[in-house]
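Architecture at a glance
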Amino acid sequence: MSEKSAQVPHQRMANAIRALAMDAVETAKSGHPGMPMGAADIATVLFTRFLKFDPASPDWPDRDRFVLSAGHGSMLIYSVLHLLGYEQMSIDAIRAFRQFGSPTPGHPEYGHTAGIETTTGPLGQGLATAVGMAMAERMMAARFGEDLVSHYTYVLASDGDLMEGISHEAISLAGHLKLGKLIVLFDDNQISIDGPLDLAESGDQVARFKAAGWEARRIDGHDPEAIRKAIKKARLSDKPSLIACRTTIGFGAPTKAGKSSSHGSPLGTEEIAGARAALGWEAGPFEIPTDVRDAWRIAGLRSGQAHRAWRERLEQTPIETKAAFERALSGEIPAAFDEAVGKAKLKFSTDRPSVATRKASETVLTALVPALPTMVGGSADLTGSNNTRTPDTKPITPDDFSGRFIHYGVREHGMAAAMNGMALHGGIVPFSGTFLVFADYCRPAIRLAALMGQRVVHVMTHDSIGLGEDGPTHQPVEHLASLRAIPNLNVFRPCDGVETAECWQLAIRSKETPSVIALTRQNLATLRTEHKAENLCAHGAYVLRESARPASVSLFASGSEVEIAVEAAAALERAGVATRVVSVPSFELFEQQTESYQSAVIGAAPVRVAIEAAIRMGWDRFIGTDGAFIGMTGFGASAPYQELYTHFGITADAVVAAAQAGLAAVKAE
């Protein structure tokens, strides 16, 4: 801390946060004042003494990351950003807390406000995302050296964050990997929304973290010297650190401090007046005394020299390394990547293998991973099933982060959140694998990836009853529809190796959209036997088989059921029924096409049938409410997959029958 900053008592600097939080929440008549008031001392010590950042360059690649996992306390970070001099965070922005269009939404939103590293609010997500950031820091440092990449990831977490199940996945993974540059400051205020924490929680968080391989200690969260010493010690550890800071929620409020009543509601004018008196804060609403503001602004300049030194090191870096570093951070996709996709497509079309699309995906990845050094894969203990690890890819370990594959263990939710953190950190394009049915375990993190516009790729195999004997617990039925319902998420379901390569190309090139690639366990024939350089899957849906005559029947299908549609079309053609087949690998990309293209693909055939081994939801877009659907209406069963397709009527014969019934109905009209 600078000399002038040191001349202003810590308490006055912390009280500036408390005052702004009280005033903003009161003006908005909505928000959470208790947490910012309670954690103000922690934030003041962290930002003025330790955190490496530059308000003039919020995206400086080697800045420390700060994640407010307790996103409901957003006025804490907004107050700090304003006090430190972040240009966007003016006093008018503070006044406009929770108002439409302001940079101060109810919960911090990535991309909406400079200085916000990730969107938080759903408890536990920030902590788990921060684990991914810390992993990315270690991986980037292993690749480019610590002269360019050497920073800490700090998290301010609440009791609620640590009660959420995802926190167990996150802290155990971080402890296993010995992420020594990850420091969690726990706002241990012993209060939940319902009241005292002991209504629902009696665990020992310090013991819990120690058991997971962390350094952990307890301190007085209102003692600035204790906070300083604890953070200093944590920065020297080779393990991740938890600092449990015992605080008083709503610190300073005369009747609501230490009570749940200060958590999620404005304090009220009388309580705020009492808090101002108790804190010795004489400034009016939204007013910061000049000496306090100056002290904070000087603290904001503290890392300027470190930033300039980093820039000098970057300029002195060998040209090739510097170029690779900057390409990695930019997210640029090299031409070699598209060339690798083209070669993979050609090989599939030429060799025409009958393979599961999960195996086809592995073949594609074997070509793509060397072409794109930023790709980092993983799996939630299903590596041999998801096929996300290529033969020449070594895993990262606690002692070596130079690998490009992550063994996440059975931690699907933590995996998905960590992928978000890696993408947000920059320099890494993460992908990972699990079964499609376990998308439910990943869903909150997938939704946040979509909300934040992050390029992460979820490989989800065993995508239907086609997985067979594992039965209905593992057979996804509603999952495709539920994932397709998430805005800004591309769901791909390729029908063969060629489409699999195209879907991978689209997923990696979708810089602001996460993707799910749903893949089969069972083998599928190669249907795209004529090589085309164009990525047909980019249209979302396209005519795979056209009839020589005006079609009477249009068949629409995705994934493994496209093969069934092609077989049914051949049977109908033999019976004299002009039939076309439309492959639908992505609903979302189809909706982005022109109306004329959509109309041409849907066509004018009077009979439309859709086939997917899942529920009907979403398919009426293609077949209308009067179209026929061949798929699932309930859960699956345990049996060889061929028997299941027959039992549930997802067969070429069933498609032919549905088409003929439709033709008969049209004729009868």
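For the structure itself, consult the block above.
Figured I'd write up the structure that's included with this text.

1. Digging into the packing of helix α3 (residues 34-50) against helix α4 (residues 74-84)
Two numbers describe a pair of packed helices, the interaxial angle and the distance between the axes. Relative orientation of the contacting elements α3 and α4 amounts to 40 degrees, with a least axis distance of 9 Å. As summarised for this structure, α3 and α4 are arranged oblique, according to the angle between their axes. Between α3 and α4 lies a crossing whose hand is right-handed. Listed contacts from α4 to Met-35, Pro-36, Ala-39, Ala-40, Ala-43 and Phe-47 of α3 are Met-75, Leu-76, Ile-77, Val-80 and Leu-84. Considering only residue class, the contact of α3 with α4 consists of eleven nonpolar, no polar and no charged.

2. Some points on the pattern of salt bridges
For the structure shown, the criterion picks out 27 salt bridges. The shortest N-O distance in the salt bridge between Lys-347 and Asp-351 comes to 2.8 Å. You can see Lys-347 and its partner Asp-351 sitting in helix α15 (residues 335-351), four residues apart, about one turn around the helix. Overall, the relative accessible area of 46% leaves Asp-351 in the partly exposed class. Three or more residues joined by partner-sharing salt bridges are found here, namely Asp-463, Arg-484, Arg-493, Glu-561 and Glu-612.

3. A short note on the sheet that holds strand β8 (residues 375-379)
One open sheet holds the six strands; their spatial order is β9-β8-β10-β11-β13-β12, and the pairing between them is parallel. The open sheet has two edge strands with one neighbour each: β9 (405-407) and β12 (490-492). Ignoring strand direction, the axes of neighbouring strands in this sheet form an average angle of 20 degrees. Helix-sheet contacts for helix α18 (residues 412-425) involve β8, β9, β10 (429-435) and β11 (457-461), and the interaxial angle to β10 is about 170 degrees.

4. Digging into the side chain of Arg-484
Relative to the elements of secondary structure, Arg-484 occurs in helix α20 (residues 479-484). Residue contacts for Arg-484: discarding those within four places in its chain leaves Val-491, Ser-558, Phe-587, Glu-588, Glu-612 and Trp-619.

5. Overview of helix α6 (residues 125-144)
Between its first and last C-alpha, α6 extends 28 Å over 20 residues, near the 28 Å set by a 1.5 Å rise per residue. Counting buried positions along α6 yields 18 of 20 residues, so the element is predominantly enclosed. After α6 finishes, the residue Gly-145 shows a positive phi value of roughly 95 degrees.

6. Concerning the side chain of Asn-386
One can find Asn-386 in helix α17 (residues 383-386). Reaching out from Asn-386, the side chain makes a polar contact with the side chain of Ser-379 at a distance of 2.8 Å. Not counting the four nearest positions on each side in its chain, Asn-386 is found in contact with Arg-358, Ser-379, Gly-433, Thr-434, Phe-435, Val-459 and Thr-461.

7. A short note on the packing of aromatic side chains
Summed over the entire model, instances satisfying the criterion amount to 18 aromatic pairs. Where Phe-53 meets Tyr-86, the ring centres are 6.4 Å apart and the plane angle is 15 degrees; that geometry is what we call stacked. With a gap of 33 residues between them, Phe-53 in the loop between α3 and β1 (65-68) and Tyr-86 in the loop between α4 and α5 (91-95) connect regions that are remote in the sequence. For the residue pair Phe-53 and Tyr-86, the accessibility class agrees, reading buried in each case. Connected via pairs of aromatic rings, a cluster forms that spans Phe-556, Phe-587, Phe-590, Trp-619 and Phe-622. A cation sits over an aromatic face here: Lys-181 above Tyr-152, 5.7 Å from the ring centre. Over the aromatic face of Phe-587 sits the side chain of Arg-484, whose NZ or CZ is 3.9 Å from the ring centroid.

8. Some points on the state of the cysteines
Counting across every chain of the model gives zero disulfides. For the unlinked cysteine Cys-495, the closest cysteine sulfur is that of Cys-537, found at 7.1 Å. Under the relative-accessibility criterion, Cys-495 is labelled buried at 2%.

9. Considerations on the pairing of β1
One face of the sheet, then the other: side chains in a regular strand alternate in exactly this way. Here β1 shows no split at all, with Arg-65 and Val-67 on one side and Phe-66 and Leu-68 on the other all buried. Here four bridges tie β1 to strand β2 (residues 153-157), and the two strands are oriented parallel to one another. Within β2, the residue paired with Arg-65 across the bridge is Thr-153.

10. Observations concerning the nonpolar core
Of all hydrophobic cores here, the largest spans 75 residues; its most connected members are Met-135 and Met-422. Here the element with the most residues in this core is α6; it accounts for twelve residues. Phe-337, Ala-501, Leu-536 and Ala-613 belong to the second largest nonpolar core, which has 64 residues in total.

Thresholds, definitions, all that
- Residues numbered from 1 in each chain as written.
- Predicted model: local features only at pLDDT ≥ 70, side-chain atom pairs only at ≥ 80, totals over all residues.
- Heavy atoms only, no water.
- Axes fitted to C-alpha atoms, helices over the stretch in contact; angles between N-to-C directions.
- Helix = DSSP H or I, 4+ residues; strand = E, 2+ residues; numbered from the N terminus.
- Parallel < 35°, antiparallel > 145°, perpendicular 65-115°, else oblique.
- Left-handed = near helix turned anticlockwise from the far one by under 90°.
- Contact = heavy atoms within 4.5 Å.
- Nonpolar A, V, L, I, M, F, W, Y, C, P; charged D, E, K, R; others polar.
- Salt bridge = Lys/Arg side-chain N within 4 Å of Asp/Glu carboxyl O.
- Buried < 20%, exposed > 50% of the residue type's maximum accessible area, 1.4 Å probe, protein only.
- Pairing = 2+ DSSP bridges.
- Expected span 1.5 Å × (residues − 1).
- Polar contact = N/O pair within 3.5 Å; in protein donor to acceptor, adjacent residues only side chain to side chain.
- Phe/Tyr/Trp six-rings, centres within 6.5 Å; stacked < 30°, edge-to-face > 60°.
- Lys NZ or Arg CZ within 6 Å of the ring centre and 35° of its normal.
- Disulfide = S-S within 2.5 Å.
- Core = buried A, V, L, I, M, F, W, Y, C linked by side-chain atoms within 4.5 Å.

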